[in-house]
Amino acid sequence: MRLPLPQFATDSRRPDHIAEVIETSTTQFLAQCLEPETLSFPVMPPFGSWVKSLDEESGNKILGIVTYATTTPIDSVHRARALGLSLSDLREQQPQIFAMLKTEFRAAIVGFETSQNMVNGNGQNLGKIYQFLPPRPPQIHQAVYQCQPTEIVYFSEQVEFLRILLQVKEAPSEALIAAAIREIYLLRKADRDWLVKVGRTLSILLKDDYDRLQYILSQVTL
């Protein structure tokens, strides 16, 4: 049984600090969402959204894509049961419910960024991007953050990470790739040239599976 994460002072917590690594492996990590300050459920990151953590020993920023999320009771023996109450009713009549549940998500590691002394036009530090598995995943108990739009756009200049997503076993890879592409396409303000590059890359990776390619591309609608 997993116990709830201890909640310390949150005054200094960054708004994008959403979770903490509780299991880690070469290809993915499991994170538990931090409890909100108010009586509400932790915010579950969307399927296909981008998150990041850190390998402190190397200084590498590890980037991942959410492949699965779940909210379950902390007590693994007893299941939650329907109460027939609204969220506001739960706050008034059953406030202990919020402390009895945990939200967790898995993220597939799609690459990493090394620390370098490069600065872009917006004054942000940029490292070198590698779209393959890092030497080490983030350590356990490392903070997990939502990726900023500029980080996602910068990382997605190349699209070799699609090869990794095609190999994900814990989620429907076609839907996962489509969700990731949709988010990037929006952040890139409907950059048609980038989308064409994605289509060409996928056509090479899936040259022997036209039906699968068509299924992915059919989901990339805005």
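Conventions used here
Residues numbered from 1 in each chain as written. Predicted model: local features only at pLDDT ≥ 70, side-chain atom pairs only at ≥ 80, totals over all residues. Heavy atoms only, no water. Helix = DSSP H or I, 4+ residues; strand = E, 2+ residues; numbered from the N terminus. Expected span 1.5 Å × (residues − 1). Buried < 20%, exposed > 50% of the residue type's maximum accessible area, 1.4 Å probe, protein only. Arc of directions from axis to C-beta. Contact = heavy atoms within 4.5 Å. Polar contact = N/O pair within 3.5 Å; in protein donor to acceptor, adjacent residues only side chain to side chain. Pairing = 2+ DSSP bridges. Phe/Tyr/Trp six-rings, centres within 6.5 Å; stacked < 30°, edge-to-face > 60°. 1 Å grid on protein atoms, 1.4 Å probe; cavity = no way out; pocket = protein on both sides within 12 Å on 5 of 7 lines; lining within 4 Å. Points joined across faces, edges and corners; volume = space filled by probe spheres on them. Nonpolar A, V, L, I, M, F, W, Y, C, P; charged D, E, K, R; others polar. pLDDT = per-residue confidence, 0-100. Core = buried A, V, L, I, M, F, W, Y, C linked by side-chain atoms within 4.5 Å.

### Side note on helix H5 (residues 192–205)
Here is step 1: With 14 residues, H5 ought to run about 20 Å at 1.5 Å a step, and its terminal C-alpha atoms sit 20 Å apart, in line with that.
Here is step 2: Of the residues making up H5, those classed as buried are Trp194, Leu195, Val198, Gly199, Thr201 and Leu202. The buried residues of H5 occupy one face: seen down the axis, they fall within an arc of 165 degrees. Projecting away from the buried face of H5 at angles above 90 degrees are the exposed residues Arg192, Asp193, Arg200 and Ile204.
Here is step 3: Where H5 is buried, its residues touch helix H3 (161–166), helix H4 (173–187) and helix H6 (210–218).
Here is step 4: Capping of H5 at its N-terminal end is provided by Asp191; its side-chain oxygen lies 3.1 Å from the backbone amide nitrogen of Asp193.

### Focus: the pairing of strand S4 (residues 60–73)
Here is step 1: Bridge analysis of strand S3 (residues 50–55) against S4 gives six bridges, and the strand direction is antiparallel. Bridge assignment links Ser53 to a residue of S4, and that residue is Ile62.
Here is step 2: Where S3 folds back on S4, the antiparallel hairpin that results is connected by four residues, among which Gly59 adopts a positive phi of roughly 80 degrees.
Here is step 3: Bridging between S4 and strand S5 (residues 101–113) involves twelve bridges; their strand directions are antiparallel. By the bridge assignment, Val66 is partnered in S5 with Ala107.

### Details of the packing of aromatic side chains
The geometry of an aromatic ring pair comes down to the distance between the two centres and the angle between the two planes.
Here is step 1: Summed over all chains, the structure comprises six aromatic pairs.
Here is step 2: Plain terms: the ring middles of Phe112 and Tyr130 are 5.0 Å apart, the flat faces sit at 15 degrees to each other, and that makes the pair stacked. Of this pair, Phe112 sits in strand S5 while Tyr130 sits in strand S8 (residues 129–130); the two residues are 18 residues apart in sequence, bridging distant segments of the chain.
Here is step 3: When its relative accessible area of 24% is taken as the criterion, Tyr130 is described as partly exposed.
Here is step 4: Pairing Phe112 with Phe132 gives two aromatic rings, centres 5.7 Å apart and planes at 80 degrees, and the pair type is edge-to-face. Of this pair, Phe112 sits in strand S5 while Phe132 sits in the loop between S8 and strand S9 (143–146), and the two are 20 residues apart along the sequence.

### Focus: the layout of surface pockets
Here is step 1: Roughly 420 Å³ of volume is contained in the largest pocket.
Here is step 2: Contributing to the lining of the largest pocket are 17 residues, with Ala80, Arg81, Ile97, Met100 and Leu101 lying nearest its centre.
Here is step 3: Tallying contributions element by element places S4 first for the lining of the largest pocket, with three residues.
Here is step 4: Of the residues assigned to the lining of the largest pocket, the class counts are nine nonpolar, five polar and three charged.
Here is step 5: Considering only enclosed or pocket space, the second largest pocket measures out at about 250 Å³ in volume.
Here is step 6: In this structure, the second largest pocket is lined by 13 residues; those nearest its centre are Arg13, Pro15, His17, Leu34 and Pro36.

### Quick word on the confidence of the model for the protein
Here is step 1: In this model, the protein carries a mean pLDDT of 87, and residues with pLDDT of at least 70 account for 90%.
Here is step 2: Note that pLDDT drops below 50 for residues 119–123; the model gives that stretch three contacts with residues more than four away or on any other chain.

### As for the nonpolar core
Here is step 1: Counting residues in each nonpolar core, the largest one holds 31 residues, and the members touching the most others are Trp50, Phe161, Leu165 and Ile181.
Here is step 2: Counting residues per element, the ones that place at least two in this core are S4, S5, helix H2 (149–155), H3, H4, H5 and H6.
Here is step 3: Tallying contributions element by element places H4 first for this core, with seven residues.
Here is step 4: By size, the runner-up hydrophobic cluster in this structure holds 14 residues, among which are Ala19, Val51, Ile62 and Val66.

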